[in-house]
Structures are given as structure tokens and as C-alpha cells.
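For reference, the chains in residue letters:
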Amino acid sequence: MERWFSLFLLPLLLAACETLIYPDLPFEGDVLVMNARLSTADSVHTVHLAWSRRDSVAYVADAAVSCRVNGVAVATASGAKEGAYTFEARFAPGDEVVLAADAAGHHAEAAVTVPAAPVVDHPRWDRVRHAETAEEEPRDYYRVKVDVHDIPGQRNFYKAGLWSSYSVPGLGGYVRDEATGEYVQGTLSVTRQVRERYVTNYYDPLLGSSLDLSFGANDPYWNADELNYYRNLWNLFPDTSFADGVHTLVLAGRCSEVMRRPSATFEPDRQYEADACIRVRVFSLSEEDWRHLNMSRADLADFSIAGLDIDVYEQTQPYPENVTGGMGFVTVEAAVDVVVDIGPLRGTFHEIFPD
């Protein structure tokens, strides 16, 4: 894309003049753009609205956003910062979710059916040590495994992520005991997502080879292991190799990120005990969502890491679009969580929270 753009600009630069060239767009004036990625795991959702114009874009500052579930109005939102409108609602597999936006006389809406959720079970874990590259020192990882049961009778697409939670009595600040009025050292509790860059799919061959750069029925998948290993940041995987069966999903989170060191008061030589767990979240996606994420992933990829000089796609890929009365893409992902207990962890502060 960059190469094509450079060739396009070269004649203009040689001509030593400024020429404005606009694409032949199928509309005139402002177009309302609505984008949203919703999940059954969330209760608070965000809709992003923008004006698309012939020569510029702008946030929509004053709009009314509504949400209907199975024909029933469940939430509204108005007023936004940088075009982001939030509302509260719960979704379940099979629900029909309709988002609508009204602004300056424009109306746009999208209807989405929440996909079925996979069944995820049999959690287990161990601790492993490996180096990401030949140049790096080996690091410790919590490796977790869960069995993902494919949704039967249809083509399915998935992604996965890790969250960690821990609580440590006697660590952190002081809290007031309501019964006695005294201040005592409380329990520090933390839940956070393990950042993608610290989750490796090194141990799962399916995650390391699922970057589909073509999507064509007759086009080969790209199987550069190094490229996929570094760029499957969202742990995307199709059911191609385990349709109507079971895949053992293997993800490893770096120990120093799973038990990310908190800002807390502690005694260096004291022995602490932490209740800790890793939550594996598996999402089922629509095929349009799968294509969108793969295209986004390819756009983020730095192909130089594998010494490659290739065209990303064998054929032109349409941007997913399901908004009527405007433009944009709205999707709902069905999420399933399974908890893997890794505690209790015992040791000094620095042993529980490694560098």
C-alpha cells in the first residue's frame, strides 16, 4: 500500500505543483459513521460516531444513541468526548441487538445477532521458562490450558485473552475497621487484563499459524511461523482443524505481568500469601468480525521481522460494513470465561511479584 502510494505521488512531485485529487465517492455531504465492538462479557459499552466528509472527518459531538435488545429499548446515551458514547446493557447469545444513532437530521443503525458461545472447560496450568528470541534471556511464564469445544454444525471463528486476579492480606494501605474505629492494614486486591505483548502463543501451533492473509477459497494460507508468532496479538483461531471437535488452547502469560508488581507498602523480609488466578476468556466471532480483525492485524504487522517483501492480500478485501443510513461496522462477541487457580502463592513480596 505504501509503495503504491509513493508511486502515485511521484508524478505530482515531479510536476512541482499541487493537485488535489478526490476519489469518486458514492455520496455528497456529511455521512454518519458508527463503529462499535460489543461483548457479552461487558455491561458498559461504547459506540464511536464520526462525520465522514469529502475532504475531512470529525467527531460527532451531539448525538442520541439508543440500544434495543430483541425489540425492547434497554439503553440510551447522549453527550460524548471525542465521539465516544457509552451505555449500560447486557447481551446473551442469540439476542438481536440494534444500535441506532441520530445526529443533525441523520439516522444510522445496525442490527446484529449475538453468536453462540463456545463451551470451555478442563482448566490446568504449569510454570515454564523460555526465551522469546535468541537474543533475549529466558523468562518465567504461567502456561494455562483449556479445552475449547467447537460450536457444532457451523463454521466458527474465535479469539482469546488472559486476565489475572490476586489478593494479598496485609499488603497495601490502611483501611478503617468499622467495628473498632481503628486503622488496620487491609487486603490488596487487583484484577487486570494481561497485556497482549506479554501473552505468548508459543506453545499452541494453531495460534501460531492462523493468520489468513488471503481469505480466498483457492488461495493458500500464509504460514510464516515467525510472522504469525509475533503478530497474532489477539490469539485468533478458526475451527478449520477441529470442526465439531475440541481444541486444547494453550496460552502463556509472563509471570511478571500476570503478577504485575503493585504500588504498595510492604515489609521486605515478611512472608506473604496471595490468592491468585488467571481467567481465560474465549470469544466467538462472526465471520465479518474475523475478517476485520485479520485485516487490522495485517495492517499492524511489520513484515520486515521475517525479511519479507510481500503483498498482504492475494485479492481485494471488502471492509465489513453493516450500518444502514450511514457507514461503519457494529459487532457483538460472545465471551466465555474459565478460571485457572494458580494460588496460593507464598513468599516475600519480591518472590510473589517477580521482576
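This one's a predicted model, so the numbers in the text were calculated from it and none came from an experiment.

A. Structural view of the overall build of the protein chain. What the protein chain contains, in helices and strands, is five helices and 18 strands. The buried share of the protein chain, taken over its 355 residues, is 44%. Long-range contacts, defined here as pairs at least 24 residues apart, represent 72% of the contacts in the protein chain between residues at least 6 apart. Surface exposure of the protein chain reaches about 18900 Å², of which carbon and sulfur atoms provide 51%.

B. Expanded view of the nonpolar core. Core analysis: the biggest nonpolar cluster contains 39 residues, and F237, L249, M259 and V280 have the highest contact counts within it. Elements with a contribution of two residues or more to this core: β10 (139–149), β11 (157–176), β12 (183–193), β15 (246–254), α3 (255–258), β16 (272–285), β17 (330–341) and α5 (349–352). Here L249 is in contact with V144, K145, V146, V148, A160, D204, L207, F237, V280 and V282, once residues within four sequence places are set aside. L38, A75, A110 and V112 belong to the second-largest nonpolar core, a separate cluster that totals 30 residues.

C. Structural detail: the packing of aromatic side chains. In the structure shown here, the tally under the stated rule is nine aromatic pairs. With a centroid separation of 5.1 Å and 65° between ring planes, the pair formed by Y166 and F353 is classed as edge-to-face. With Y166 in strand β11 and F353 in the segment after α5, the pair connects residues that are 187 residues apart, well separated along the chain. The exposure classification of Y166 matches that of F353, with both residues buried. Members of the aromatic cluster, joined through ring pairs, are Y166, F266, F349 and F353. In this structure, R281 is placed above the aromatic ring of W163, and the distance from its NZ or CZ to the ring centre is 4.4 Å.

D. Spatial organisation of the sheet that holds β10. Taken together, the four strands give an open sheet; going across it, the order is β9-β10-β15-β13, and neighbouring strands pair in antiparallel fashion. Two strands in the sheet have a free side with no partner beyond their single neighbour: β9 (119–130) and β13 (199–200). Bridging between β10 and β15 involves nine bridges; their strand directions are antiparallel. Paired with Y141 across the bridge in β15 is R254.

E. Broad picture of the sheet that holds strand β4 (residues 64–69). Across the sheet, which stays open at both edges, the four strands sit in the order β5-β4-β7-β8 with antiparallel pairing between neighbours. Since the sheet does not close on itself, it has two edges, and those belong to β5 (72–78) and β8 (106–113), each with one partner. Between one strand axis and the next, the sheet turns by 15° as a mean value, whatever way the strands run.

F. A look at the confidence of the model for the protein chain. Summing up the model confidence of the protein chain, the mean pLDDT is 82 and the portion of residues at 70 or higher is 77%. Residue range residues 1–16 is modelled with pLDDT below 50. Its contacts to residues more than four positions away, or to other chains, number five contacts. Throughout residues 302–311 the model reports pLDDT below 50, and contacts reaching past four residues in sequence, or to other chains, amount to 18 contacts.

G. Spatial organisation of the side chain of H247. Along the chain, the position of H247 falls in strand β15. If near-sequence neighbours (up to four positions away) are discounted, H247 is found in contact with V146, D147, V148, D204, L206, F237 and F242.

H. Fine view of the pairing of β17. For β17, a buried count of nine out of twelve residues is recorded, marking the element as mostly surrounded by other parts of the structure. Bridging between strand β1 (residues 31–39) and β17 involves four bridges; their strand directions are parallel. If you follow A36 over to β17, its bridge partner there is V330.

I. Local environment of unusual backbone geometry. Between G343 and the following residue, P344, the backbone shows a cis peptide bond with an omega angle of 0°. Within the secondary structure, P344 is located in the loop between β17 and β18 (345–347). Of note in the backbone geometry, E82 takes a positive phi value of approximately 55° without being a glycine. One can find E82 in the loop between β5 and β6 (84–88). Residue E82 is classed as exposed on the basis of its relative accessible area, which comes to 52%. One non-glycine residue with positive phi stands out, namely D244, at about 60°. Here D244 lies in the loop between β14 (237–238) and β15.

Parameters and conventions
- Residues numbered from 1 in each chain as written.
- Predicted model: local features only at pLDDT ≥ 70, side-chain atom pairs only at ≥ 80, totals over all residues.
- Heavy atoms only, no water.
- Helix = DSSP H or I, 4+ residues; strand = E, 2+ residues; numbered from the N terminus.
- Buried < 20%, exposed > 50% of the residue type's maximum accessible area, 1.4 Å probe, protein only.
- Contact = heavy atoms within 4.5 Å.
- Areas by Shrake-Rupley, 256 points an atom, 1.4 Å probe, with all protein chains shown as cover.
- Core = buried A, V, L, I, M, F, W, Y, C linked by side-chain atoms within 4.5 Å.
- Phe/Tyr/Trp six-rings, centres within 6.5 Å; stacked < 30°, edge-to-face > 60°.
- Lys NZ or Arg CZ within 6 Å of the ring centre and 35° of its normal.
- Pairing = 2+ DSSP bridges.
- Axes fitted to C-alpha atoms, helices over the stretch in contact; angles between N-to-C directions.
- pLDDT = per-residue confidence, 0-100.

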